[in-house]
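# Examining the three-dimensional arrangement
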Amino acid sequence: QVQVVESGGGLAQSGGSLRLSCAASGSIFSIYSMGWYRQAPGNQRELVATITATGDTKYTDSVKGRFTISRDIAKNTVDLQMNSLKPEDTAVYYCNADLTNRDYLSRFEVWGQGTLVTVSS
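Presented here is a report on the structure given in the accompanying data block. Keep in mind the model is a prediction, meaning the values are calculated, not measured.

In this section: the pattern of salt bridges. Under the criterion given, the structure shown has six salt bridges. With a shortest N-O distance of 2.9 Å, Asp-61 and Lys-64 are connected by a salt bridge. For Lys-64, a relative accessible area of 49% gives the class partly exposed. Ionic pairing is found between Arg-107 and Asp-98, a salt bridge with its closest N-O pair at 2.8 Å. According to the relative accessible area criterion, Asp-98 is buried, its value standing at 13%. A single salt-bridge network, built from bridges that share partners, covers Arg-38, Glu-46, Arg-66 and Asp-89.

Looking now at unusual backbone geometry. Here Ser-84, not a glycine, exhibits a phi torsion of approximately 50 degrees, which is positive. Judged by relative accessible area, which is 41%, Ser-84 ranks as partly exposed.

On to the nonpolar core, then. Counting residues in each nonpolar core, the largest one holds 31 residues, and the members touching the most others are Trp-36, Leu-80, Met-82 and Tyr-93. For this core, the secondary structure elements donating two or more residues are β1 (2–8), β3 (18–26), β4 (28–39), β5 (46–52), β7 (67–72), β8 (77–82), β9 (91–101) and β11 (115–120). By residue number, the principal contributor to this core is β9, which donates five residues. The contact partners of Leu-80, leaving out residues within four places of it in the chain, are Leu-18, Arg-19, Leu-20, Trp-36, Val-48, Ala-49, Phe-67, Thr-68, Ile-69 and Tyr-93.

We now examine the sheet that holds β1. If you walk across this open sheet you meet the four strands as β1-β3-β8-β7, and the pairing is antiparallel. Edge positions in the sheet fall to β1 and β7, since each of these pairs with one other strand and no more. When the angles between neighbouring strand axes are averaged without regard to direction, this sheet yields 15 degrees.

Quick look at the environment of Tyr-104 now. Along the chain, Tyr-104 falls in the loop between β9 and β10 (107–111). Judged by its relative accessible area of 68%, Tyr-104 is exposed.

What counts as what
- Residues numbered from 1 in each chain as written.
- Predicted model: local features only at pLDDT ≥ 70, side-chain atom pairs only at ≥ 80, totals over all residues.
- Heavy atoms only, no water.
- Salt bridge = Lys/Arg side-chain N within 4 Å of Asp/Glu carboxyl O.
- Buried < 20%, exposed > 50% of the residue type's maximum accessible area, 1.4 Å probe, protein only.
- Core = buried A, V, L, I, M, F, W, Y, C linked by side-chain atoms within 4.5 Å.
- Helix = DSSP H or I, 4+ residues; strand = E, 2+ residues; numbered from the N terminus.
- Contact = heavy atoms within 4.5 Å.
- Pairing = 2+ DSSP bridges.
- Axes fitted to C-alpha atoms, helices over the stretch in contact; angles between N-to-C directions.

Geometry only, nothing functional implied.
Okay, structure coming up:
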């Protein structure tokens, strides 16, 4: 079994900062990429930022220059530093890991339960 667990989130004022953390654990052989997605009420889940095992990053346009994703490969963790937060960043943020498990060497994606980020104006 493999799982990812998020931490962080909460309430911030517009212009403030929050940091999200995510840890993958279990029978993991390798992780190709980890990332963060978000879903606001009434909207579809969207990519926020991803980072590959080689450190390549991808951000959605609306967070470029404000959010930074980082990863600790040895610890199987990924963080999302969110600065200059805006009310439109309010959403449930989900951690995602694209990995191969150790038991069957099968590749699949694992999602966390989500953590709520609320930005007040």
